[in-house]
Amino acid sequence: MEDIAARIAQIHVRIAAAARRAGRRPEAITLVAVSKTHGPALARAALAAGATDLGENRVQEAAPKIAALAAAAPRPRWHLIGHLQRNKARAAAELFDMVQSVDSLRLAETLDRYAAELDRRMPVLLQINVSGEASKEGFALAGGVANRAAYARLIADLERVVALPQLEVRGLMTIAPLVGDAEAARPTFRLLRELRDDLARRLPQARWDELSMGMTDDFEAAITEGATIVRVGRAIFGDRLDHE
Ligand SMILES: *Cc1c(COP(=O)(O)O)cnc(C)c1O
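Here's what I pulled together on the structure shown here. None of the values given here were measured: they were computed from a predicted structure. (Residues numbered from 1 in each chain as written. Predicted model: local features only at pLDDT ≥ 70, side-chain atom pairs only at ≥ 80, totals over all residues. Heavy atoms only, no water.)

**Details of the packing of helix 5 (residues 105-117) against helix 6 (residues 148-162)**
Now for step 1: In the contact formed by helix 5 and helix 6, the axes pass within 10 Å of each other and the chain directions differ by 5°. Our classification of the angle between helix 5 and helix 6 gives roughly parallel. Of the residues in helix 6, those touching helix 5 at Leu-105, Ala-108 and Glu-109 are Asp-157, Arg-160 and Val-161.
Now for step 2: Partitioning the contact of helix 5 with helix 6 into residue classes produces three nonpolar, no polar and three charged. (Axes fitted to C-alpha atoms, helices over the stretch in contact; angles between N-to-C directions. Helix = DSSP H or I, 4+ residues; strand = E, 2+ residues; numbered from the N terminus. Parallel < 35°, antiparallel > 145°, perpendicular 65-115°, else oblique. Contact = heavy atoms within 4.5 Å. Nonpolar A, V, L, I, M, F, W, Y, C, P; charged D, E, K, R; others polar.)

Below, the structure is given as structure tokens:
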């Protein structure tokens, strides 16, 4: 447990150093501590060590943890960062403070409907599959901005997402391909930032402030490219316990 406090402190030092190297303010970057696969005791330890934001990738795994920490003060903000099946969208709308993994128009519409039923606004990020890997979820940025027809389709979908009344679009999220070294992930991060800049021009009715990108192996490179949210699991909690 002391380990967790020391590791979180260390991540903050690295975030601050990467931000300064990039001429950015460290406070502009939020650390989401990804507690997936670990039990509520470790999530609680992260909270005690000053973590403000916790990330989970499965609704059914997160539910008991969120319940276990419901009375914690201050309570954490919970981020859903994994693929959300539409039949779990209602539970997600009840449990999470932000859904970072909105990866299709249909899911966005479903989440909007449940948020309306619950009479809440739902902050979301739109997950983008920048690299085009078939294994990755997300709105496809196939061929990038240069593929005009595909890009027009993407914009048309996103225009419908930002029109959904209960969703509060805050920005974009991506997962870089597994490439082994962080520098190799930078083009993915740069493309996400460029997409965000273009969306801010084309769809100014939404906010596009947030760029959630960078994990244990590449969060400093992501900060160099403009990340405002980094999602760090293993460097805080150690190796994952089971799935993924
Ligand atoms: C697991 C996960 C993370 C954290 O990954 P680490 O390599 O453990 O830091 C970040 N983002 C998503 C979407 C994840 O599923």
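**Some thoughts on the nonpolar core**
Now for step 1: By size, the foremost hydrophobic cluster in this structure holds 72 residues, and its most contacted members are Leu-111 and Leu-126.
Now for step 2: If near-sequence neighbours (up to four positions away) are discounted, Leu-111 is found in contact with Leu-84, Ala-89, Ala-93, Val-99, Val-102, Met-122, Val-124 and Leu-167.
Now for step 3: In terms of nonpolar packing, the next biggest core, distinct from the first, is built from seven residues, Val-32, Val-34, Met-173 and Ile-229 among them. (Core = buried A, V, L, I, M, F, W, Y, C linked by side-chain atoms within 4.5 Å. Buried < 20%, exposed > 50% of the residue type's maximum accessible area, 1.4 Å probe, protein only.)

**Some points on helix 6**
Residues lying three or four places apart along an α-helix face the same way, a consequence of the helix completing one turn every 3.6 residues.
Now for step 1: Between the first and last C-alpha of helix 6 there are 21 Å, a value that for 15 residues agrees with the 21 Å anticipated at 1.5 Å per step.
Now for step 2: All buried positions along helix 6 are accounted for by Ala-150, Tyr-151, Leu-154, Ile-155, Leu-158, Val-161 and Val-162. Viewed end-on, helix 6 has its buried residues packed into an arc of 135°, placing them on one side of the element.
Now for step 3: Of the surrounding elements, those touching the buried residues of helix 6 are helix 5, strand 5 (122-129), strand 6 (139-140), strand 7 (167-173) and helix 7 (182-202). (Expected span 1.5 Å × (residues − 1). Arc of directions from axis to C-beta.)

**Looking at the site of the ligand**
Now for step 1: Contacts to the ligand come from Val-34, Lys-36, Ile-81, Ile-175, Met-215, Thr-216, Arg-231, Val-232, Gly-233, Arg-234 and Arg-240.
Now for step 2: Here the shell around the ligand is built from residues that sort into five nonpolar, two polar and four charged. (Near = heavy atom within 4 Å.)

**Topic: the pairing of strand 9 (residues 229-232)**
The side chains of a regular strand alternate, first on one face of the sheet and then on the other.
Now for step 1: Because side chains alternate across strand 9, one face comprises the buried residues Ile-229 and Arg-231, and the other comprises Val-230 and Val-232, equally buried.
Now for step 2: Direction of pairing for strand 1 (residues 30-34) relative to strand 9: parallel, over a ladder of four bridges. Looking at the pairing, Thr-30 lines up with Ile-229 of strand 9. (Pairing = 2+ DSSP bridges.)

**Points about the packing of aromatic side chains**
Now for step 1: A complete count under the given rule lists zero aromatic pairs for this structure.
Now for step 2: Its end group placed over the ring of Tyr-114, Arg-113 keeps NZ or CZ at 5.7 Å from the ring centre. (Phe/Tyr/Trp six-rings, centres within 6.5 Å; stacked < 30°, edge-to-face > 60°. Lys NZ or Arg CZ within 6 Å of the ring centre and 35° of its normal.)

From the geometry alone we can't say anything about function, so treat these as descriptive.
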